[in-house]
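Each chain, letter by letter, is given below.
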Amino acid sequence: MDNVTTQTQDKPIVFESPVPKHVGFIMDGNGRWAKARGLRRSEGHRQGVENLKEILEACGEFGIKYVTIYAFSTENWNRPQAEVSFLLSIIDYYIERELDNLDKQGVQLRHIGELDGLAPRLQRKIQKAIEQTRNNDRLILNVAFNYGGRAEIVRAVKQIVAAGIPAEEITEQTISQHLYTAFQPDPDLIIRTGGELRLSNFLIWQATYAEYYSTPVFWPDFNREELRKALEHYCSRERRFGGVKDEE
Ligand code: IPE
Ligand code: IPE
Ligand code: MG
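Being a predicted model, the structure only gives us computed values, none of them experimental. (Residues numbered from 1 in each chain as written. Chains lettered and ligands numbered in written order. Predicted model: local features only at pLDDT ≥ 70, side-chain atom pairs only at ≥ 80, totals over all residues. Heavy atoms only, no water.)

Participant: Let's hear about the pattern of salt bridges: which residues, and what values?
Facilitator: The full count for this structure, using the stated rule, is 23 salt bridges. For R97, the salt bridge is made with E50, and the minimal N-O distance between the two is 3.0 Å. Linking R97 in helix α3 (residues 81-104) with E50 in helix α2 (residues 41-62), this pair joins segments that are 47 residues apart in sequence. Between R97 and E98 there is a salt bridge, and its shortest N-O distance comes to 3.1 Å. Exposure remark for R97: the relative accessible area of 35% places this residue in the partly exposed category. Salt bridges sharing partners connect three or more residues here, namely D28, R32, R192, E196 and R198. (Salt bridge = Lys/Arg side-chain N within 4 Å of Asp/Glu carboxyl O. Helix = DSSP H or I, 4+ residues; strand = E, 2+ residues; numbered from the N terminus. Buried < 20%, exposed > 50% of the residue type's maximum accessible area, 1.4 Å probe, protein only.)

Participant: Break down the sheet that holds strand β3 (residues 22-26) for me, citing the residues and quoting the values.
Facilitator: The strand order across the open sheet built from 6 strands is β5-β6-β4-β3-β7-β8, with neighbouring strands paired in parallel fashion. Looking at the sheet topology across the chains shown, the edges are occupied by β5 (107-112) and β8 (211-215). Averaged over all adjacent pairs, the angle separating strand axes in this sheet is 20°, with direction ignored. When β3 meets strand β7 (residues 189-193), the two strands line up parallel, connected through 4 bridges. For I26, the partnering residue across the bridge sits in β7 and is R192. (Pairing = 2+ DSSP bridges. Axes fitted to C-alpha atoms, helices over the stretch in contact; angles between N-to-C directions.)

Participant: Account for the site of ligand 1, with residues named and values stated.
Facilitator: Neighbouring ligand 1 are 13 residues, the closest being D28, G31, R32, R41 and R79. Note that an oxygen atom of ligand 1 is positioned 3.4 Å from one of the backbone N or O atoms of G29. In the model, an oxygen atom of ligand 1 is placed 3.2 Å from a nitrogen or oxygen of the N30 main chain. Notes on ligand 1: free accessible area 380 Å², of which the protein chains cover 87%. Looking at the shell around ligand 1, the elements with two or more residues in it are α1 (30-36), α2 and α3. When residues in the shell around ligand 1 are grouped by element, the largest group, 3 residues, is from α1. Counted by class, the shell around ligand 1 contains 3 nonpolar, 5 polar and 5 charged residues. (Near = heavy atom within 4 Å. Polar contact = N/O pair within 3.5 Å; in protein donor to acceptor, adjacent residues only side chain to side chain. Areas by Shrake-Rupley, 256 points an atom, 1.4 Å probe, with all protein chains shown as cover. Nonpolar A, V, L, I, M, F, W, Y, C, P; charged D, E, K, R; others polar.)

Participant: How would you explain the packing of aromatic side chains if you had to name every residue and give the values?
Facilitator: Evaluated as defined, the whole model comprises 11 aromatic pairs. For the ring pair F15 and F62, a centre distance of 5.6 Å and an interplane angle of 85° mean the geometry is edge-to-face. Separated by 47 residues along the polypeptide, F15 in strand β2 (residues 13-15) and F62 in helix α2 bring together distant segments of the chain. Each member of the pair, F15 as well as F62, carries the same accessibility label: buried. These aromatic residues form a ring-pair network of at least three members: Y70, Y147, Y180 and F202. (Phe/Tyr/Trp six-rings, centres within 6.5 Å; stacked < 30°, edge-to-face > 60°.)

Participant: With reference to specific residues and values, describe the environment of V143.
Facilitator: Topologically, V143 is positioned in strand β6 (residues 139-147). For V143, a relative accessible area of 9% corresponds to the buried category. Sequence spacing of V143 and F72 is 71 residues, and the spatial spacing of their C-alpha atoms is 8.9 Å. Setting aside chain neighbours within four positions, we find V143 in contact with I69, A71, I91, L109, R110, H111 and I112. (Contact = heavy atoms within 4.5 Å.)

Participant: I'd like to hear about the pairing of β3, residue by residue, with values.
Facilitator: For β3, the tally of buried residues reaches 5 of 5 residues, placing the bulk of the element in the interior. Side chains H22, G24 and I26 of β3 all project onto a buried face; the interleaved residues V23 and F25 project onto the opposite face, where all are buried too.

Right under this line is the structure:
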């Protein structure tokens, strides 16, 4: 396999095999990061948002084309109301502050999840961000917000039924093409910060053959070097997709 060399500001980073095309991030551990510092959970979320800049820049630098970030799950509505409000307001703030920057960097913003249930003002803001960046193609950034993998599959099934597609014509591709991520490559690597070993309803259809990487590092501390380690780990893994290793 060809080696991939990425020139960075300090030193070139060499990965032993191609970096993943699509990486999903379960950005977990903001609350514990804050607690460990005697701060409020909201401070952890604030710091988590600040961290996105470095990680997205590093993704671009390392040649990753698709990034999906898990920002708010359908289950996160079960948190105390004050925390939910804060999480909703922080996405609003992030778009307001970073949209032009992301646009300049060639990032195409996409939303995966339900807009229904969000305040109309926030819905408009998300739609405007999608519209403004729709022709960018350096990095595709899916923001999973009010997202749940099961809800996504239910939605796909409803669309398929509503379109009158006959049962015998339904294939795996039919389902894939009715998900929010239609026509995007499946994630090759899912990175979870905060140490848990679960998917928490993230990309459950798309990530069936993804490699998983879990690190105890909390999201606000997950930096470019941590990402490099995750990618190095990915590059050392052998993906067989149910087959066998090449004949020796
Ligand atoms: C992840 O951090 C951010 C969201 C779920 C929005 P948490 O808030 O889950 O942080 P922990 O897991 O409690 O530390
Ligand atoms: C997953 O983290 C959701 C996001 C990162 C947005 P959670 O903290 O909500 O997941 P659980 O509760 O540990 O499964
Ligand atoms: Mg958590």
